[in-house]
Each structure stands twice: as C-alpha cells, then as structure tokens.
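Chain and residue survey
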Protein chains: 2
Amino acid sequence: MTKLQIHRREASDASDRDAKAQAEGFATVRQAHESEMAEDYVELIAELIEIQGEARPVDIAERLGVKPPTVTKNISRLKEAGLVSRERYRAIFLTPEGQKLAEACRRRHRIVVAFLLSLGIDEETAERDAEGIEHHVSETTLEAFEAVVTRAHEKH
Amino acid sequence: MTKLQIHRREASDASDRDAKAQAEGFATVRQAHESEMAEDYVELIAELIEIQGEARPVDIAERLGVKPPTVTKNISRLKEAGLVSRERYRAIFLTPEGQKLAEACRRRHRIVVAFLLSLGIDEETAERDAEGIEHHVSETTLEAFEAVVTRAHEKH
DNA sequence: TATATATGTTAGCATAGGCTAACTTTTGAG
DNA sequence: CTCAAAAGTTAGCCTATGCTAACATATATA
Ligand SMILES: [Mn+2]
Ligand SMILES: [Mn+2]
Ligand SMILES: [Mn+2]
Ligand SMILES: [Mn+2]
C-alpha cells in the first residue's frame, strides 16, 4: 500500500461508521416514501368516513388534489395490501388492519400539528408542513413532540 | 335540487376551503418529493468536496446507499437541471446555482438536526429523522426551529 | 320510469428513481 | 510501461405514482 492508499483507507475507517449511518438514514427515508401513499390514503379514508359516513373516490381525489383514475389505481394497491376492502363502483372501507394503521397515522398527524402550533406556527403552515413531516418522525421524536405539547398545555 | 343534494352542497361549501387547503398541502408534499433527490445530492456533493476535495460517484453511492448506476443516472439529471457540471469519468462539481442550493440545504439540515438535539433526541435518531424532515420544513417553521435552538444555546 | 349527470374504471402513456449485467475507462502496483 | 483492479457508464429491466381519453355504471331529476 502506498501512502496515498493508506491515507484513503484511514480516512475511510474514520468515517466508515459515518458513511454507513448516513446510508441507513437515506434508506430510512426511502422506506418512509414507500409507505407514504398508504398512510395518507387510510388516514383520509378514516376522516371521510367520520365526516361523511363514507369514503368515495371522488372525495378522496378532491382532497388529495389528484385525478380520479389515480385514486382507483391506488385503492386497488391498498386492497392488494389488505388495508381496504371494497367492491367495484361502491364506497371504500378500511379493513381492521387499515383501521389500525389509520388510527396510528391520525394520532401522529395530530401530534405533529399540535407540536408545530405550540411553537407559534400558524395553522395553515402547521398543517402543510405536518403533511410531509409526519412520515419522517420516529417514535422517539414523536414522543418528544408529545411531551412539548403536553407541557405547553399545562402552562396554557 | 333535493334536500339531499342541497345538504351535500352545503357540506361542500362549508368544507370547501378545508378540502382545497388539504389538497394544497398534499401538492406541496409532492413538490417537495420532486426536489428531494436534487437537494440530497448537492448537499452530499458539497460535503464530499469539503471532506475529500472531490465528489466521486462511488462515494456518493456509498453514502446514499444506492448503486453506482443510479448515481450516474441522477447526476446526469442534475447536470440537465444546471446544478452540477462534469465530464465523463471525472469527478463532479457544483455550478454556482448548485452551490447556492447546497448551502441552503446544509443550513436547513443543520438547523433541523440542532433543533431535534435541543429536544433531547439522540444524535443517531436526530440525523435519521432530519434527513427526511428537512424537505418538508417551510421557511416559517425553520425560523421557529432556529429560534428554539438559539434560546437553548443561550440557556446553555 | 326514462334519461342526463355524476361517478368510477380501463387503457395507455409518462417520469422518477431504483436494480443487475455487461462493457469501457482510468488508475496505480509491480 | 504494462496490465489488473477500481471506478464509471450503458442498456435494459422494474415499480410507483401521476396523467388524459374513452368507456361503463350508478344516481337523481323530470
Ligand atoms: Mn402525509
Ligand atoms: Mn396526514
Ligand atoms: Mn434529505
Ligand atoms: Mn440532508
């Protein structure tokens, strides 16, 4: 090994954990993106069922800001994944598994929004930012957020 | 119009802003996803140039946790977008525009990490979560984060 | 009840961003 | 200086998630 190579190796050793940890971080983000569609859909479906009694593709499309064919396609993916049940041309229901996921997502969404509001951020921005942030918040961080919200409420 | 239809319309009017705002929120998230690859790449390229003097595809691939052909493809997209300049088989450089974006991303990344750390979250988790969160934080929220970090530092 | 409107689906297309296998070019050890 | 190993590229594949145009079904008004 030449000096140059030794130098490179040492640098590599020193930052190896760093590089590996960084790669794991990016991998975590990519995984989060994979579940994001499912999470947003089941969360929204649960909301619509609560507000309107049923979740129709047209309403899902309106609230997501996508076109109906996109919803049809994604709903069949969710059905494939066992998160929703439905028959053609009929409203959409959540399976028990879907309901469980929806509940977890709604909780997480609520906490993130409440946390941002507790920092003094306006509702519009809080909702906007939360819609993306929610998918990248670990349980650890979520609990920290929750603690801040709780303390803010105590001080009211 | 029947009562049912009137009822639907009223409900729609009442929650129209809501639905529209929600759709805008999701649209914002989709836009963030479109810039995410570019942001992560230029940020990483800037880091590598700082640490190693150059940014090579093999190192970018290692730190992102993807394979070299993926990097080749994405780098050519960034070149297309005017963010990097490079010649085949040679190291990658940032254009002035790329440098500007990289600086903004590094600042944002630092603030998000510092903010999470200030909540008592461990470094590993803070870095992991920040890697995703950073792309969904508005300037408003970023400033709120910054304020919290500053206050935490003052209290030391 | 008939039919117009609203809703939903299908087919086919596009882009982004992953991958492997095979090939090319550069680099550096001897 | 040579040539093997390291690095980089290309081609071709895949999945996810958008879209439009055309068609099918359901719903509600007349
Ligand atoms: Mn979301
Ligand atoms: Mn949400
Ligand atoms: Mn990132
Ligand atoms: Mn980052």
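Residues numbered from 1 in each chain as written. Chains lettered and ligands numbered in written order. Predicted model: local features only at pLDDT ≥ 70, side-chain atom pairs only at ≥ 80, totals over all residues. Heavy atoms only, no water.

1. Brief notes about the coordination of the manganese ion (ligand 2)
Residue and element names in this part refer to chain A. Defined as follows: In this description, a donor is an N, O or S atom within 2.8 Å of the metal centre, a cutoff extended to 3.2 Å for sodium, potassium and calcium. Water is not part of the atom list, which can make sites seem incomplete. The cut-offs for exposure are 20% and 50% of the maximum accessible area for each residue type, with area from a 1.4 Å probe on protein chains only; residues under the lower value are buried, those over the upper are exposed, and the others partly exposed.
Coordination of the manganese ion (ligand 2) by the protein is provided by Glu43 (OE), His109 (ND1), Glu131 (OE), Glu134 (OE) and Glu134 (OE), with metal-donor distances spanning 2.3 to 2.6 Å. Read from N- to C-terminus, the donor residues coordinating the manganese ion (ligand 2) fall into the pattern E-x65-H-x21-E-x2-E. The metal-metal distance between the manganese ion (ligand 2) and the manganese ion (ligand 1) comes to 3.6 Å, with Glu131 coordinating both. The same class applies to Glu131 as to Glu134, namely buried.

2. Structural notes on the UniProt feature "domain: HTH dtxR-type" (unreviewed entry) in chain A
Going by this rule: UniProt positions are given in the numbering used here, feature names are shortened, and annotations may be inferred rather than shown by experiment. Secondary structure counts use DSSP, requiring at least four H or I residues in a row for a helix and at least two E residues in a row for a strand, with both numbered from the N terminus.
As annotated by UniProt and renumbered to match this structure, "domain: HTH dtxR-type" (unreviewed entry) occupies residues 35–95 of chain A. Spanning residues 35–95 of chain A, this segment combines 64% helix with 7% strand, and its end C-alpha atoms are found 17 Å apart.

3. Describing the interface of chain B and chain A
Threshold: Between two residues, a contact is recorded if the distance between any of their heavy atoms is within 4.5 Å. When two components associate, each loses some accessible surface as probed by a 1.4 Å sphere; the sum of these losses over both components is called the buried area. Salt bridges are counted wherever a side-chain nitrogen of Lys or Arg sits within 4 Å of a carboxyl oxygen of Asp or Glu. Two N or O atoms count as a polar contact when they lie within 3.5 Å, although within protein this holds only if one can serve as hydrogen donor and the other as acceptor, and sequence-adjacent residues are included solely when both atoms are side-chain atoms. Three residue categories are used. Nonpolar comprises Ala, Val, Leu, Ile, Met, Phe, Trp, Tyr, Cys and Pro, charged comprises Asp, Glu, Lys and Arg, and polar comprises the others, including Gly.
Every contact between the two is made by 45 residues of chain B and, on the other side, 45 residues of chain A. Overall, the association of chain B and chain A removes approximately 3700 Å² of surface from exposure, summing both partners, and the carbon and sulfur fraction of that is 55%. It is B:Phe26, B:Arg63 and B:Arg128 that lose the most area in chain B upon contact with chain A, and together they represent 17% of the buried surface on that side. Our count for the contact surface shared by chain B and chain A stands at 2 salt bridges. In this structure, B:Glu24 and A:Arg128 form a salt bridge, with 3.6 Å as the shortest nitrogen-oxygen distance. Linking chain B with chain A are 21 residue pairs in polar contact (both at pLDDT 80 or more). Among the elements of the structure, α1 (3–52), α2 (57–64), α4 (96–118), α5 (123–133) and α6 (139–155) of chain B are those that each provide at least two residues to the side of chain B that touches chain A. Considering each element in turn, the side of chain B that touches chain A owes the most residues, 18 residues, to α1(B). Classifying every residue of the side of chain B that touches chain A by side-chain character gives 17 nonpolar, 12 polar and 16 charged.

4. What to know about the relation of the copies chain B and chain A
Operational definition: Least-squares superposition of the copies uses the C-alpha atoms of those residues scoring a pLDDT of at least 70 in each of them.
Rotating chain B by 180 degrees and moving it 0.0 Å along the rotation axis overlays it on chain A with an RMSD of 0.1 Å. On this basis, the relationship between the two copies can be described by a two-fold rotation axis. Considering only C-alpha atoms, the residue of chain B closest to the rotation axis is B:Ile133, which sits at 2.6 Å. Mapped onto chain A, 100% of the interface residues of chain B are again interface residues, and the two copies thus contact each other with one and the same surface.

5. A word on the side chain of A:Thr95
All names here are of chain A. Among the structural elements, Thr95 can be located in the loop between β2 (93–94) and α4 (96–118). For Thr95, a relative accessible area of 15% puts it in the buried group. Non-local contacts of Thr95, meaning those with residues more than four positions away in its chain, are made with Gly82, Leu83, Val84 and Ser85.

6. A word on the packing of α4(A) against helix α5 (residues 123–133) of chain A
Residues and elements named next belong to chain A. For clarity, the cut-off: Angles run from 0 to 180 degrees between N-to-C directions of axes, and those axes are lines fitted to C-alpha atoms, restricted for helices to the stretch in contact. Note on terminology: angles under 35 degrees are roughly parallel, angles over 145 are roughly antiparallel, angles of 65 to 115 are roughly perpendicular, and the others are oblique. Handedness of a crossing is defined here by the sense of rotation of the near helix relative to the far one, left-handed for an anticlockwise turn of less than a right angle and right-handed for a clockwise turn.
Where α4 meets α5, the closest approach of the two axes is 9 Å, and the angle between their N-to-C directions is 135 degrees. With respect to each other, α4 and α5 are oriented oblique. Classified by chirality, the crossing of α5 by α4 is right-handed. Note on element contacts: α5 touches α4 through Glu123, Ala126, Glu127, Asp129, Ala130, Glu131 and Ile133, opposite His109, Val112, Val113, Leu116 and Leu117. Partitioned by chemical class, the residues of the contact of α4 with α5 number 7 nonpolar, 1 polar and 4 charged.

7. As for the pattern of salt bridges
Residue and element names in this part refer to chain A. Under the definition given, this model contains 14 salt bridges over all chains. For Arg106, the salt bridge is made with Glu103, and the minimal N-O distance between the two is 3.9 Å. Separated by 3 residues within a single helix, Arg106 and Glu103 lie in helix α4, roughly one turn from each other. Taking the relative accessible area as the measure of exposure, Arg106 reaches 15% and is therefore buried.

8. Quick word on the packing of α4(B) against α6(B)
Axis angle and axis distance: for two packed helices, these are the angle between their axes and the distance between the axes, and together they describe the pair. Residues and elements named next belong to chain B. Two elements in contact, α4 and α6, have axes whose closest approach is 9 Å; the angle formed by their N-to-C orientations is 50 degrees. Taken together, the axes of α4 and α6 are oblique relative to one another. The handedness of the crossing between α4 and α6 comes out as left-handed. The segment α4 lies against α6, with Arg107, Arg108, Ile111, Val112, Ala114, Phe115 and Ser118 engaging Glu139, Leu142, Phe145, Glu146, Val148, Val149 and Ala152.

9. So, the packing of aromatic side chains
Each aromatic ring pair is specified by the distance between its two centres and by the angle formed by the two planes. Heads up, the rule is: In summary, the pairing rule links any two rings of Phe, Tyr or Trp, Trp by its six-membered ring, whose centres are within 6.5 Å, and it sorts them by plane angle into stacked for under 30 degrees, edge-to-face for over 60 and tilted for everything else.
Going through the model one piece at a time under the given rule, you end up with 3 aromatic pairs over all chains. Where B:Phe115 meets B:Phe145, the ring centres are 3.7 Å apart and the plane angle is 5 degrees; that geometry is what we call stacked. In this pair, B:Phe115 is assigned in helix α4 and B:Phe145 in helix α6, connecting sequence segments 30 residues apart. Summarising the burial analysis for this pair, B:Phe115 and B:Phe145 share the class buried. One aromatic cluster in this structure is built from A:Phe115, A:Phe145, B:Phe115 and B:Phe145.

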